[in-house]
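Examination of the molecular architecture
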Amino acid sequence: MIEKHIVLEDIDPVVFYGKGNQHLQMIRALYPKLRIVARDNVIRVLGDEEQMAAFEENTERMRQHVLKFNSLHEEDILDITKGRRTNEEIPDGVVCYSMSGRAIKARSENQQRLIDAYLSNDMIFAVGPAGTGKTYLSIALAVKALKEKTAKKIILSRPAVEAGEKLGFLPGDMKDKIDPYLQPLYDALEDMLPQVKLQEMMERHIIQIAPLAFMRGRTLSDAVVILDEAQNTTPQQIRMFLTRMGWNTKMIITGDMTQIDLPHSQKSGLVEALDILKDVEGIGIVELNRKDIVRHKLVTHIVNAYEKFDNKNSGNESINKN
């Protein structure tokens, strides 16, 4: 009899073991000559040498399945252990899988254009109203790159612009004050990566989330770098950010021209950058619109209503000036 310890790296062990350890119980039944004890992400196995070898091989295949699909079902376990499964590739069109096992993919023509632009360019601008999936899809592309090891790290940034609230009056230190601005980025990451693994990646700086001001002086290489809410950058800030680009790096810049929180006298850096860089080779520009909104259907109605309001006001301003 031999004993081995198997570590379930990079995955959520809860997904592997199943609800109420159902998957673990099933695996134990499939290997009656082994004593299998699981604790956190470590599996301790004791027993027959021949069955141990098969268990090790199939456990790795199951781990790879969870790593790719963020899910594991009883039929998957049977297919793998019985040698019936040969194709473990992610289907075409799917970027990656959420922690609930939901396929993350383009849900509109313009979202697909964003994915295509990412594949064919090193720098991508994705511009559109709230709810069009700009940030979420961009982070999914970054997570995919990290899992496939085409990038060594993900760097996410946002300008910390006050939108009706004063940072100085918020409680806590600077991190506490900045975190609310970065919460949408945390939310997307938590939907795609196991909580423990995400925390580990952040501690090891494989995933970095920082305010835009912290980018100055850096060269960002071997990474997918995302600047979110870029409409709230100044021309100087976005110029500084874009010139941080290093070797083997992709940059995605997202923004919503209808949600500029800068003072009226301050020009948006995103508006200026799009005008200056529109004809530069290697830069892709994708414009999303209200048809691409994938949130609650009311979001589309809200965007439409505000668009009509803005158009009406701009028309009135033109009349008053005349």
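Here's what I pulled together on the structure shown here. (Residues numbered from 1 in each chain as written. Predicted model: local features only at pLDDT ≥ 70, side-chain atom pairs only at ≥ 80, totals over all residues. Heavy atoms only, no water.)

**As for the packing of helix H9 (residues 235–242) against helix H10 (residues 269–277)**
For clarity, the cut-off: Axes here refer to lines fitted to C-alpha atoms; in helices the fit is confined to the stretch in contact. Angles between the N-to-C directions go from 0 to 180 degrees. Starting at the N terminus, helices and strands are each numbered in turn, a helix being any DSSP run of H or I of at least four residues and a strand any DSSP run of E of at least two. Each angle receives one of four descriptions, namely roughly parallel if under 35 degrees, roughly antiparallel if over 145, roughly perpendicular if within 65 to 115, and oblique otherwise. The crossing is said to be left-handed when, going from far helix to near helix, the turn is anticlockwise and less than a right angle, and right-handed when the turn is clockwise. The contact definition used throughout considers only heavy atoms, calling two residues in contact when any of these lie within 4.5 Å. Residues are grouped as follows: Ala, Val, Leu, Ile, Met, Phe, Trp, Tyr, Cys and Pro are nonpolar; Asp, Glu, Lys and Arg are charged; all remaining types, including Gly, are polar.
Contact geometry of H9 with H10 gives a least axis separation of 8 Å together with a crossing angle of 55 degrees. Judged by the inter-axis angle, H9 sits oblique to H10. The two elements H9 and H10 meet at a crossing, and its hand is right-handed. Together, Pro235, Ile238 and Leu242 of H9 and Gly269, Leu270, Glu272, Ala273 and Leu277 of H10 make up the contact between the two elements. Here the residues of the contact of H9 with H10 sort into six nonpolar, one polar and one charged.

**Digging into H9**
This is how the line gets drawn: The cut-offs for exposure are 20% and 50% of the maximum accessible area for each residue type, with area from a 1.4 Å probe on protein chains only; residues under the lower value are buried, those over the upper are exposed, and the others partly exposed.
Where H9 is concerned, the buried positions are Pro235, Ile238, Met240, Phe241 and Leu242. Those residues of H9 that are buried are in contact with strand S6 (123–127), strand S9 (223–227), strand S10 (250–255) and H10.

**Examining the nonpolar core**
Selection criterion: Buried residues of nine kinds, namely Ala, Val, Leu, Ile, Met, Phe, Trp, Tyr and Cys, make up a nonpolar core once their side-chain atoms join them within 4.5 Å.
In this structure, Ile139, Leu156, Leu189, Met192, Ile207 and Ile209 are the most contacted members of the largest nonpolar core, which totals 37 residues. In terms of residue count, helix H6 (residues 134–147) provides more of this core than any other element does, eight residues in total. Residues within four places of Met192 in sequence aside, it is in contact with Asn70, Cys96, Tyr97, Ser98, Met99, Ile104, Tyr136, Ile139, Ala140, Val143 and Lys147. Judged by nonpolar contacts, the second largest core, of 23 residues, contains Met123, Leu212, Phe241 and Ala273.

By themselves these figures say nothing about function.
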